[in-house]
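Descriptive analysis of the structure
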Amino acid sequence: MIPALGHFALVLAFVISIAQAALGLFGPPLRDRRVMAAPPALAISQFLMLAASFGALVWAGVVSDYTVRNVADYSSSMTPLFYRIAGTWGNHDGSMLLWCLILSFCGAIVGAFGRGIPSSLRARVCGVMGLVSTGFLLFTLTVSDPFQRIWPPPLHGAGVNPVLQSPGLVVHPPVLYVGYVGFSIAFAFAVAALIEGRVDAAWGRWVRPWTLFAWTFLTAGICLGSLWSYTVLGWGGFWFWDPVENVALLPWITGTALIHSAIVVEKRDSLKVWTILLSITTFALSLCGTFLVRSGILNSVHSFAVSPAQGNFLLVLISITIIASLILFVIRAPLLASTGVFAPVSREGALILNNVFLCIIAAVVFTGTLYPPFSDLLFNVQLSVGAPFFDRTVLPLTAPLIIAMAAGPLMPWKRADALAILRKLWLSGVAAVILLGIMLFRGHAVAALGLAGAAWVIIGSLVDLAEKIRLFRVPLGQSLGRVFQLQRAQIGAILGHLGFGVMVLGIAGMTLRVHTVTVLRPGQSVALGGYSWTLKSIHKSTGPDYTSQQATVLVSRHGNPVMILKPALHYFTEQKTQTVIAAIRTNGVRNIFATFAGLSKSGGAEFRFNIHPLAPELWFGGLLMAIGGTLSLFDRRLRVGAPARRANTLVDGSAIP
């Protein structure tokens, strides 16, 4: 009964999305307030229907209703409740329903919290969101129905994929999806602005919080996925340049550029056309990621296996969305003229430099990720593009970004004195040079560049804070008082840059890691990184739906016990597969990492031991960036008091009607 109600709610959501799209796109020219008020209300209604539908699917998983194929194929009564719920989005059909739910949520928050936006623009934004929802809901209802029924039902479900039975991966997909789909709001604002034919400072003010919202969730989602890879997959790495990792990184890169370009639109009435294009491109990359993960084109542990009908439908749907928006851009973008004038050495110039290199990096990652599968598909030529290619091409391109990241916030708008900015950053420069020299002397070239860049950004961010609170130029009490007077967006930007520097610090530290792969018997030891690793014992245990082998490893230094690690191996009987449970101990600046690979043919136990300097800073930096984005969202200037819309002009100087 409940699955049937969930399916009915899904159909209602589809009908509502059609009405939302029609009234939102064609209603504003009627200049009827009731018509323009309808799309926001319909957006909220669509979200409520999809929330009910998704809730019904979760309920079917919780009670193990095997008449629903989705539950029978991806859940089991033996699976812990927490993972039965997570199993709802651990498969293609359920994840697409979650995607539609989040898409409707994005439309609903515009409808509910966009009262400061002019009614015609708000209606058009909701209309565009409704049109995108219509396409994805049609896909869900026709070729990806999560409520498909089977009879007779099986006695037992197939169970949740063991790799997904991790707390981190339960949270990772929904957070990542909010980031992916959140950029649909910026996309809708861009398309609505193109339809209206004008973009001004107020538009930049309105689009920035929605972009920040998506960017913050995408940042958190990528960091959670990286942490999951580090702790669950057992290989001791945080980023493999896996194709599906890359397609999540791409909208994050262009979304970062979009945030900064929207600031220039708001402050200087410039980069309008570029910001519109970035809005379309960022959401297009999110859609492409959705298709690639579900099409089978990319071979990855993250990918979903789907039927050709699903892949073809997604390809057509996404192609129509991207091509139609780009055609509208080509037709309407020339009508948008920028009026702001600024010198190359200025905050605007630093933000443009930021945009240029971010987009170059995105182009390199896009090419390296997609060229091999399409080369195989079109020309039957198999190519391999892995981590060495990305490390050698992407990492050097981050150097100008790192330089601009510390200098840009210290520059005034319109024109800046480069020498004066460098004088303010003398401490950052000295620290970077010292670290560079020390690490080069020790023969660690990559770590030297990374640590120097991290010092430049971290100290530069602190210098930015010191400048804003006038540290050492007014009494200390006044400086501390100024901290609480800073705008939240200013603090958020400082935290974002600081977090990036801390993350670079962690990446640089991970290049200094040491590891060994060894086979030990109880009582035997191996030396690594100044520690002695001794296997004490191996014992078996039983979990809710798995059996486990757990090793006890004593880590000592100079004969003194330091810690005990207990890596394990879980074997899931229903799926006949096993997962690695890494044992990790950290002191905040270094991780001690051990994984147990099972018993070898010789009778010993196979282990991988690792020492990862500065590894915790990777995720601490990501957390700081997410906190910075969240704090910026609560800046009052981004929620109320948007500047009045100024009439834009055409290229020939005439006013836009």
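The following refers to the structure shown. All residue numbers refer to position in the chain's written sequence, counted from 1. With the structure being a predicted model, the display of local features is reserved for residues of pLDDT at least 70 and the display and counting of side-chain atom pairs for 80 or more, all residues being used for whole-chain, interface and lining totals. Where side-chain values are given, they derive from all heavy atoms of the structure, hydrogens and water being excluded.

1. Concerning the overall build of the protein chain
- Under the DSSP-based scheme used, a helix requires at least four consecutive residues in state H or I and a strand at least two consecutive residues in state E, with every element numbered from the N terminus. Counting its regular elements, the protein chain contains 19 helices and ten strands.
- Relative to its length of 657 residues, the protein chain is compact, with a C-alpha radius of gyration of 27 Å against a globular reference of 26 Å.
- On the principal axes, the C-alpha backbone points of the protein chain span a range of 85 × 75 × 55 Å.
- By the burial criterion, 55% of the 657 residues in the protein chain qualify as buried. Atoms counted for the radius of gyration: C-alpha only. Globule rule: 2.2 Å times residue count to the power 0.38. Buried means the residue's accessible area, taken with a 1.4 Å probe over protein chains only, is under 20% of the maximum for its type, while exposed means over 50%, and partly exposed covers the values in between.

2. Focus: the packing of helix H7 (residues 167-196) against helix H9 (residues 243-268)
- Closest axis-to-axis distance for the H7/H9 pair is 11 Å, and the angle between their directions is 45 degrees. The angle between the axes of H7 and H9 places the two elements in the oblique class. You can see that H7 and H9 cross each other, and the crossing is left-handed. In this structure, H7 uses Leu176, Tyr180, Phe183 and Ala186 to contact H9, whose residues at the interface are Val247, Ala248, Pro251, Gly255 and Leu258.
- For the contact of H7 with H9, the per-class residue count stands at eight nonpolar, one polar and no charged. Axis lines are fitted to C-alpha atoms, over the contacting stretch for helices. Their N-to-C directions set the angle, which ranges from 0 to 180 degrees. Here roughly perpendicular refers to angles of 65 to 115 degrees, roughly parallel to angles under 35, roughly antiparallel to angles over 145, and oblique to all remaining angles. A clockwise turn of the near helix away from the far one marks a right-handed crossing, whereas an anticlockwise turn of less than a right angle marks a left-handed crossing. Any two residues having at least one pair of non-hydrogen atoms within 4.5 Å are treated as being in contact. Amino acids outside the nonpolar list (Ala, Val, Leu, Ile, Met, Phe, Trp, Tyr, Cys, Pro) and the charged list (Asp, Glu, Lys, Arg) are all regarded as polar, and Gly is one of them.

3. Description of the side chain of Thr134
- Position of Thr134 relative to the elements: it lies in helix H6 (residues 119-143).
- Looking at Thr134, the relative accessible area reads 15%, which means it is buried.
- Excluding anything up to four places from it in sequence, Thr134 contacts Phe14, Ser17 and Ile18.

4. Remarks on the environment of Ala363
- The topology assignment puts Ala363 in helix H12 (residues 347-379).
- For Ala363, a relative accessible area of 40% gives the class partly exposed.
- As for Ala363 and Leu250, which are separated by 113 residues in sequence, their C-alpha atoms are 8.6 Å apart.

5. Remarks on the environment of Ser325
- Its place among the elements puts Ser325 in helix H11 (residues 308-332).
- Here Ser325 falls in the buried class, since its relative accessible area comes to 6%.
- Residues Ser325 and Met405 lie 80 residues apart in sequence; the distance between their C-alpha atoms is 32 Å.
- Leaving out residues up to four positions away in the same chain, Ser325 has contacts with Phe187, Val191 and Ile280.
- A distance of 3.0 Å separates the side chain of Ser325 from the backbone oxygen of Thr321, its partner in a polar contact. Distance and chemistry together define a polar contact, namely a pair of N or O atoms within 3.5 Å, with one atom able to donate a hydrogen and the other to accept it when in protein, and with adjacent residues in sequence counting only for side-chain atoms on both sides.

6. Some thoughts on the pairing of strand S2 (residues 525-528)
- Residues Val526 and Leu528 of S2 are buried on one face, while the alternating residues Ser525 and Ala527, pointing to the opposite face, are not.
- A pair of strands is treated as paired once DSSP finds two or more bridges between them. Pairing of S2 with strand S3 (residues 531-542) involves four bridges; the strand directions are antiparallel. Looking across to S3, one finds that Val526 is bridged to Trp533.
- If you look at the hairpin formed by S2 and S3, you'll find two residues sitting between the two strands, and Gly529 has a positive phi there, around 60 degrees.

7. Quick word on the sheet that holds strand S9 (residues 590-599)
- The four strands lie next to each other as S1-S10-S9-S8, forming an open sheet whose pairing is antiparallel. Looking at strand neighbours, the two that pair on one side only are strand S1 (514-520) and strand S8 (583-586), the edges of this open sheet. For this sheet, the mean inter-axis angle between neighbouring strands, taken without regard to orientation, is 15 degrees.
- Across seven bridges, the pairing between S1 and strand S10 (residues 605-613) is antiparallel. The partner of Thr518 across the bridge, within S10, is Phe607.

8. A look at the pattern of salt bridges
- Think of a salt bridge as a Lys or Arg side-chain nitrogen and an Asp or Glu carboxyl oxygen that are within 4 Å of each other. Per the stated rule, a full pass over the model turns up eight salt bridges.
- One salt bridge connects Arg208 with Glu266, and the closest N-O pair in it is separated by 2.9 Å. One end of the pair, Arg208, is in helix H8 (residues 201-232); the other, Glu266, is in helix H9, with 58 residues separating them in the sequence.
- In this structure Arg208 comes out as buried when scored by relative accessible area, which is 7%.
- In this structure, Glu467 engages Lys424 in a salt bridge whose closest nitrogen and oxygen atoms are separated by 3.6 Å. Remark: Lys424 occurs in helix H14 (residues 418-424) and Glu467 occurs in helix H16 (residues 445-468); sequence separation between them is 43 residues.
- Residues joined by salt bridges that share partners form a network here, namely Arg205, Arg208 and Glu266.

9. Observations concerning the environment of Pro174
- Relative to the assigned elements, Pro174 resides in helix H7.
- Among residues more than four places away in sequence, those in contact with Pro174 are Trp89, Leu98 and Ile102.

10. Thoughts on the nonpolar core
- The definition of a nonpolar core used throughout is a set of buried Ala, Val, Leu, Ile, Met, Phe, Trp, Tyr and Cys residues joined through side-chain atoms within 4.5 Å. The biggest cluster of nonpolar side chains holds 149 residues, and the ones touching the most others in it are Phe136, Phe189, Trp203 and Ile276.
- Of the residues forming this core, the biggest block, 17 residues, is contributed by H7.
- Ile276 has contacts with Ala190, Ala193, Leu194, Val199, Trp203, Phe329 and Leu336, leaving out every residue within four places of it along the chain.
- Formed by 20 residues, the second largest nonpolar core is a distinct cluster that contains Ala551, Met563, Ala605 and Ile611.

11. Let's talk about the pairing of S3
- Alignment of S3 against strand S4 (residues 546-557), held across ten bridges, turns out to be antiparallel. Counterpart to Ser541 in the pairing with S4 is Ser548.
- Where S3 folds back onto S4 in an antiparallel hairpin, the turn is made up of three residues.

12. Let's talk about the packing of H16 against helix H18 (residues 488-510)
- Between H16 and H18, the shortest axis-to-axis distance is 8 Å and the interhelical angle comes to 160 degrees. Regarding the angle of H16 to H18, the classification is roughly antiparallel. The two elements H16 and H18 cross, and the hand of that crossing is left-handed. Only Gln490, Ile494, His497, Leu498, Gly501, Val502, Val504, Leu505 and Ala508 of H18 make contact with H16, whose side of the interface consists of Ala447, Gly450, Leu451, Ala454, Val457, Ile458, Ser461, Asp464, Leu465 and Lys468.

13. Notes on the state of the cysteines
- Note on terminology: pairs of cysteine sulfur atoms within 2.5 Å are recorded as disulfides. According to the stated counting rule, one finds zero disulfides in the structure shown.
- Here Cys100 is not disulfide-linked; the sulfur of Cys106 is the nearest cysteine sulfur, at 12 Å.
- The structure places no disulfide on Cys223, whose sulfur is separated from the nearest cysteine sulfur, that of Cys106, by 20 Å.
- You can call Cys223 buried: its relative accessible area is 14%.

14. Quick notes on unusual backbone geometry
- In the segment running from Trp151 into Pro152, the intervening peptide bond is cis, with an omega of -5 degrees.
- Here Pro152 is to be found in the loop between H6 and H7.

15. A few points about a nonpolar patch on the surface
- A surface patch of nonpolar side chains, about 720 Å² in accessible area, is lined by Tyr371, Phe374, Leu377, Leu378, Phe379, Val381 and Leu383.
- Relative to the assigned elements, Phe379 resides in helix H12.
- For Phe379, a relative accessible area of 57% puts it in the exposed group. Patch membership requires more than 30% relative accessible area and the absence of a salt bridge. Residues of like charge join within 9 Å; the nonpolar side chains Val, Leu, Ile, Met, Phe, Trp and Tyr join within 5 Å. All accessibility values rest on the Shrake-Rupley procedure with a 1.4 Å probe; residue burial counts only the protein chains present in the view.

16. Details of the packing of aromatic side chains
- The pairing test for Phe, Tyr and Trp rings, Trp by its six-membered ring, is centres within 6.5 Å, and the orientation test on the planes gives stacked under 30 degrees, edge-to-face over 60, and tilted for anything in between. If you walk through the whole model with that rule in mind, you get 19 aromatic pairs.
- Judged by centre distance (5.9 Å) and plane angle (40 degrees), the rings of Trp99 and Phe136 are tilted. Separated by 37 residues along the polypeptide, Trp99 in helix H5 (residues 92-113) and Phe136 in helix H6 bring together distant segments of the chain.
- By relative accessible area, which is 1% here, Phe136 ends up buried.
- Each member of the aromatic cluster is reached from another via a ring pair, and the members are Trp99, Phe136, Tyr177 and Tyr180.

It is worth stressing that arrangement in space is one thing and function is another; only the former is reported here.
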